[in-house]
Amino acid sequence: GFASNAHAEEPFPVDMKAPKKLDYKFQMRETEYDSSVPVGTIVVDGPKRILFHVHSPGMATRYGVAVGKGTKAWSGEVVIKKMAEWPTWTPAPYHLEIKPELAKWKNGMPGGPDNPMGARAMYLYKGNVDTINRIHGAAKLTEIGKKATAGCIGMLDADIIHLYANVQVGTKV
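Not measured: the values here are computed from a predicted model.

### Some words on the overall build of the chain
A count of helical and extended segments in the chain gives two helices and 10 strands. Starting at the N terminus, the α and β elements of the chain follow one another as β-β-β-β-β-β-α-β-β-β-β-α. Expected size for 173 residues packed as a compact globule is a radius of gyration near 16 Å; at 15 Å, the chain falls within 12% of this value. With the C-alpha coordinates aligned to their principal axes, the bounding extent of the chain is approximately 45 × 35 × 30 Å. Within the chain, buried positions represent 45% of all 173 residues. Partitioning the intrachain contacts of the chain with sequence separation of at least 6 by distance along the chain shows that 62% fall at a separation of at least 24. A distance of 5 Å separates the average location of the 22 positive side-chain charges in the chain from that of its 17 negative side-chain charges.

### Quick word on the layout of surface pockets
Reported here for the largest pocket is a volume of approximately 1,100 Å³. Listed by contribution, the elements that provide at least two residues to the lining of the largest pocket are helix 1 (93-98), strand 8 (129-136) and strand 9 (147-149). With five residues, the single largest contributor to the lining of the largest pocket is strand 8.

### Considering the side chain of arginine 62
Here arginine 62 is to be found in strand 4 (residues 59-64). Despite its burial, arginine 62 pairs with no opposite charge; the closest candidate is aspartate 45, at 8.2 Å N-O. In this structure the side chain of arginine 62 is engaged in a polar contact, spanning 2.6 Å, whose partner is the backbone oxygen of lysine 25.

### Quick look at the sheet that holds strand 8
Read across the sheet, four strands follow the order 6-7-8-10 without closing on themselves; strand pairing throughout is mixed. The open sheet is flanked by strand 6 (79-85) and strand 10 (153-154), the only strands paired with a single partner. Taken together, the six bridges between strand 6 and strand 7 (residues 120-126) define a ladder with antiparallel strand orientation. Counterpart to lysine 82 in the pairing with strand 7 is tyrosine 123. Where helix 2 (residues 157-164) meets the sheet, its contacts fall on strand 6, strand 7 and strand 8, and the angle it forms with strand 7 comes to roughly 60°.

Rules used throughout
- Residues numbered from 1 in each chain as written.
- Predicted model: local features only at pLDDT ≥ 70, side-chain atom pairs only at ≥ 80, totals over all residues.
- Heavy atoms only, no water.
- Helix = DSSP H or I, 4+ residues; strand = E, 2+ residues; numbered from the N terminus.
- Rg over C-alpha atoms; globule rule 2.2 N^0.38 Å.
- Buried < 20%, exposed > 50% of the residue type's maximum accessible area, 1.4 Å probe, protein only.
- Contact = heavy atoms within 4.5 Å.
- Lys, Arg positive; Asp, Glu negative; His and termini not counted.
- Charge placed at Lys NZ, Arg CZ, Asp CG, Glu CD.
- 1 Å grid on protein atoms, 1.4 Å probe; cavity = no way out; pocket = protein on both sides within 12 Å on 5 of 7 lines; lining within 4 Å.
- Points joined across faces, edges and corners; volume = space filled by probe spheres on them.
- Salt bridge = Lys/Arg side-chain N within 4 Å of Asp/Glu carboxyl O.
- Polar contact = N/O pair within 3.5 Å; in protein donor to acceptor, adjacent residues only side chain to side chain.
- Pairing = 2+ DSSP bridges.
- Axes fitted to C-alpha atoms, helices over the stretch in contact; angles between N-to-C directions.

Right under this line is the structure:
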C-alpha cells in the first residue's frame, strides 16, 4: 500500500500534488505486472519512460520517469548499493564540460531544494563499481516521459519519496 505520511517530516518543501499534474500514463499507480522478475525488483522501461517496482507477485507500482538522452541512455542490470535522503550532489566531468560554473560544487552541493538530486537518491552499482547513474528526484513535470537526463532516472520528488520508502539497499534494477 501507499505510505501516505512519508513526506510529513521533510526538511524542505515538496509538492506532493505534482504527480497529479502529469499525463495519466505517467502518474504513479498500482498495476498488474506479468513478469518473471523477483518481487522487490525495479524495472525501468526506457522507451516507455516508466519505472516499475514489483512489490508482490504479478503486481507493481508504476511511476513516470525521465531517462538518459541519446548516448547517455543505458541498459543492463545494476544494484542499489547506497540510498540517501536529500543527498549531496557532485557534478560529474560531463556536467563540468557543459557548465564550467558548476566547478564551485566539485566537493559536493548540500541537499536542498536547488540540488539536482532532489529529495532522494538511489546509487546504482554494477558489481562494486559505481555507475555514476542514480534514480533520483528533482525532475521537473516537463521532463517526465522524456529523454532529459545525463543517464540518471529522474523522478518527481513526491514519487521518489514513495519509491524510496518501499525499497532497500540490495534492490536489483
